[in-house]
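Each chain, written out:
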Amino acid sequence: MKRPGATHLECTWTGHTIPSEQLVGLSEAGKPLFARYDLDAIKATFTPEAVAHRRADLWRYAEVLPVRDSASRVCLGEGWTPLLDAPRTARRLGLARVWVKDEGQNPTGSFKARGLCLAVSRALELGASAVALPSAGNAGSAAAAYGAAAGLPVHVVVPKDTPIPILEEISALGADLQLIDGLITDCGAIVRRGVEEHGWFDLSTLKEPYRVEGKKTMAYELHEQLGGRLPDAIVYPTGGGTGLIGMWKAFDEMEALGWIGVERPKMFTVQADGCAPVVRAWETGAESAEPWQNATTYAAGLRVPSAVGDFLMLRALRASGGGAVAVSDAAMAEAVQWIGADTGVFAAPEGGATAVAVPRLLELGLLVPSDEVVLFNTGSGLKYVGMSPSN
Ligand SMILES: *Cc1c(COP(=O)(O)O)cnc(C)c1O
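Quick caveat, the model's predicted, so the values are computed rather than measured.

The rules behind the values
- Residues numbered from 1 in each chain as written.
- Predicted model: local features only at pLDDT ≥ 70, side-chain atom pairs only at ≥ 80, totals over all residues.
- Heavy atoms only, no water.
- Helix = DSSP H or I, 4+ residues; strand = E, 2+ residues; numbered from the N terminus.
- Rg over C-alpha atoms; globule rule 2.2 N^0.38 Å.
- Buried < 20%, exposed > 50% of the residue type's maximum accessible area, 1.4 Å probe, protein only.
- Contact = heavy atoms within 4.5 Å.
- Areas by Shrake-Rupley, 256 points an atom, 1.4 Å probe, with all protein chains shown as cover.
- Lys, Arg positive; Asp, Glu negative; His and termini not counted.
- Charge placed at Lys NZ, Arg CZ, Asp CG, Glu CD.
- Pairing = 2+ DSSP bridges.
- Axes fitted to C-alpha atoms, helices over the stretch in contact; angles between N-to-C directions.
- Near = heavy atom within 4 Å.
- Polar contact = N/O pair within 3.5 Å; in protein donor to acceptor, adjacent residues only side chain to side chain.
- Phe/Tyr/Trp six-rings, centres within 6.5 Å; stacked < 30°, edge-to-face > 60°.
- Lys NZ or Arg CZ within 6 Å of the ring centre and 35° of its normal.
- Salt bridge = Lys/Arg side-chain N within 4 Å of Asp/Glu carboxyl O.

Novice: Give me the lowdown on the overall build of the protein chain, citing residues and values where you can.
Specialist: A tally of helices and strands in the protein chain yields 13 helices and 13 strands. In terms of C-alpha radius of gyration, the protein chain reaches 19 Å, essentially the compact-globule figure of 21 Å for 391 residues. Buried residues in the protein chain amount to 60% of all 391 residues. For the protein chain, the share of sequence-separated contacts (at least 6 apart) that also reach a separation of at least 24 residues comes to 71%. Surface accessibility of the protein chain: about 14200 Å² in total, with carbon and sulfur atoms responsible for 51%. Placing the 35 positive and 44 negative side-chain charges of the protein chain at their respective mean positions leaves the two points 2 Å apart.

Novice: Break down the sheet that holds strand 11 (residues 266-272) for me, with residues and values.
Specialist: Sheets are built from strands paired through backbone hydrogen bonds, the pairs being either parallel or antiparallel. Read across the sheet, 6 strands follow the order 4-5-13-10-11-12 without closing on themselves; strand pairing throughout is mixed. This sheet does not close on itself; its edge strands, each paired only once, are strand 4 (83-85) and strand 12 (323-327). With strand direction ignored, the average angle separating the axes of adjacent strands in the sheet is 25°. Relative to strand 13 (residues 372-377), strand 5 (residues 97-102) is paired through 6 bridges, and the arrangement is parallel. Across the sheet, the residue bridging to Val98 is Val373, located in strand 13. Relative to the sheet, helix 10 (residues 277-284) contacts strand 11 and strand 12, its axis offset from that of strand 12 by approximately 135°.

Novice: Quick one: what's the story with the sheet that holds strand 7 (residues 154-159), residue by residue and with numbers?
Specialist: Sheet architecture is open: 4 strands sit in the order 8-7-6-9, paired in parallel fashion. Edge positions in the open sheet fall to strand 8 (176-180) and strand 9 (201-202), since each of these has one partner strand only. Sheet topology note: the strand 6 (residues 131-134)/strand 9 ladder contains 2 bridges and is parallel. Bridging across to strand 9, Ala132 finds its partner in Asp202.

Novice: Tell me what's going on with the side chain of Ser20, and back it up with residues and numbers.
Specialist: By the element assignment, Ser20 lies in the loop between strand 2 (17-18) and strand 3 (33-36). Not counting residues within four places of it along the chain, the set of residues in contact with Ser20 comprises Ala6, Thr7, His8, Leu9, Arg68, Arg122, Leu126 and Tyr210.

Novice: Help me get a handle on helix 10, residues and values and all.
Specialist: Residues that lie three or four places apart on an α-helix share one face, since the helix turns once every 3.6 residues. All buried positions along helix 10 are accounted for by Pro277, Val278, Val279 and Ala281. Downstream of helix 10 by a residue or two, Gly285 has a phi angle that is positive, lying close to 75°.

Novice: Talk me through the site of the ligand; I want residue IDs and the actual numbers.
Specialist: Taken together, 16 residues lie near the ligand, and Lys112, Tyr236, Gly239, Gly241 and Thr378 sit nearest. In this structure, an oxygen atom belonging to the ligand sits 2.7 Å away from a main-chain N or O atom of Gly239. At a separation of 2.6 Å, an oxygen atom of the ligand approaches a polar backbone atom of Gly241. When contributions to the shell around the ligand are tallied by element, the ones reaching two or more residues are strand 10 (233-237) and helix 9 (242-256).

Novice: Which residues make up the packing of aromatic side chains, and what values do they have?
Specialist: Across all of its chains, the model carries 8 aromatic pairs by this definition. Taking 5.3 Å as the distance between ring centres and 35° as the angle between the ring planes, the aromatic pair formed by Tyr61 and Tyr220 counts as tilted. One end of the pair, Tyr61, is in the loop between helix 2 (48-51) and strand 4; the other, Tyr220, is in helix 8 (residues 211-225), with 159 residues separating them in the sequence. Where Trp248 meets Phe251, the ring centres are 6.2 Å apart and the plane angle is 85°; that geometry is what we call edge-to-face. Of this pair, Trp248 and Phe251 both sit in helix 9, 3 residues apart, which is roughly one turn of the helix. Residue class for Trp248 comes out buried when judged on its relative accessible area of 16%. Three or more aromatic residues joined by ring pairs make a cluster, and in this case those are Phe46, Tyr61, Tyr220 and Trp259. If you follow Arg60 out to its NZ or CZ, it ends over the ring of Trp80, 3.7 Å from the centre.

Novice: How would you summarise the pattern of salt bridges if you had to cite specific residues and measurements?
Specialist: In the structure shown here, the tally under the stated rule is 24 salt bridges. Of the charged contacts in the structure, one is a salt bridge between Lys101 and Glu221, with a shortest N-O distance of 2.7 Å. Note that Lys101 is positioned in strand 5 and Glu221 in helix 8, a separation of 120 residues in sequence. The residue Glu372 makes a salt bridge to Arg229 at a minimum N-O spacing of 3.1 Å. Here the residue Glu372 occupies a position in strand 13, and Arg229 occupies one in the loop between helix 8 and strand 10, the gap between them amounting to 143 residues. The class of Arg229 is partly exposed, set by a relative accessible area of 36%. Shared partners join several salt bridges into a network, and the residues in it are Glu21, Arg68, Arg122 and Glu125.

The quantities given are spatial measurements derived from coordinates; they are silent on function.
Have a look at this one:
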């Protein structure tokens with residue numbers, strides 16, 4: 001079956017538009033591109049009621065996804081993860097209500113599956129012959145999985161101290177894996193060389209338009225799983241920011257579709273003390289973030305010293321009345337323990353970080369005790385077995 005897909009792509013910096021049905025990376029201005037849809041045309045039929053009985057994965061939101069031909073959908077069971085009520089965690093943190101969105105239940109054990117599912121499906125649809133990306137770990141294994149399912153060669157470049165379970169996973173999924181003595185930014189340089197020399201298509205965070213489309217489905221799910229409303233606040237462990245930016249984009253779409261009004265959840269970024277470029281930019285009132293020197297944290301997903309979507313994250317944090325805080329690795333590790341005992345979810349350190357942030361956000365008055373809050377557990381703790389906190 002064929003769907004209309006996106007109508008065009010729009011530069012998030014200049015607003016300049018280009019056609020969507022071609023393989024493309026950043027805009028002419030070197031900024032991320034957003035896919036736009038004819039929301040007026042689908043408004044009458046794409047309703048919460050229509051979606052309610054659809055398949056239990058992110059393809060239930062097909063009208064606001066860019067893949068046109070269902071033969072190009074690469075599916076491994078991504079999305080539609082549980083939103084778990086966590087009353088003991090709420091009591092412990094002094095909040096009216098807490099839910100854990102358990103993204104560890106995605107294929108390859110992290111929410112990277114959502115983004116890479118869409119990016120690989122579109123790369124396949126638009127004729128890429130090989131894909132590549134630098135990764136702090138989880139994006140690499142998700143790309144490897146979707147590339148394998150699509151029959152596309154995948155090249156992954158990661159720091160050599162990436163958690164071993166993730167390295168084994170990438171290899172087992174058949175990707176070409178390169179280990180680098182450096183950070184994700186150094187891995188990016190290797191990928192750029194492969195793009196120039198071998199014509200690989202670059203799937204780096206926000207450097208192609210569709211990972212963000214996969215991640216935005218988290219916002220549609222929250223609305224649906226809460227029975228047609230949004231929480232007061234979302235606490236999100238932030239690296240490249242795809243999920244935060246994607247959910248913020250989805251809220252605008254949902255408003256244009258008539259699913260919600262002008263209200264928005266307060267959006268909070270949590271980063272690690274050893275790598276907190278977005279927190280620093282938020283605190284200083286900057287519009288973009290300076291690269292972080294000597295990034296260290298065992299929460300691999302947060303070890304992102306600079307992000308091309310920094311200005312989009314900062315806009316969302318500010319427009320929502322949210323904010324950003326940094327937490328220590330030791331506190332994340334401790335939170336993983338009590339979240340597990342409270343909820344039955346073995347969280348990734350990034351998930352632990354969200355709970356550590358809550359008391360700080362209450363202290364700062366950015367959260368209040370009556371708030372109903374979603375904590376994002378972005379990955380499974382199983383992927384970090386054997387890793388210890390860096391600070
Ligand atoms: C990549 C990753 C993050 C950060 O996600 P972004 O949307 O890129 O900010 C957080 N947690 C885990 C487990 C990750 O793999």
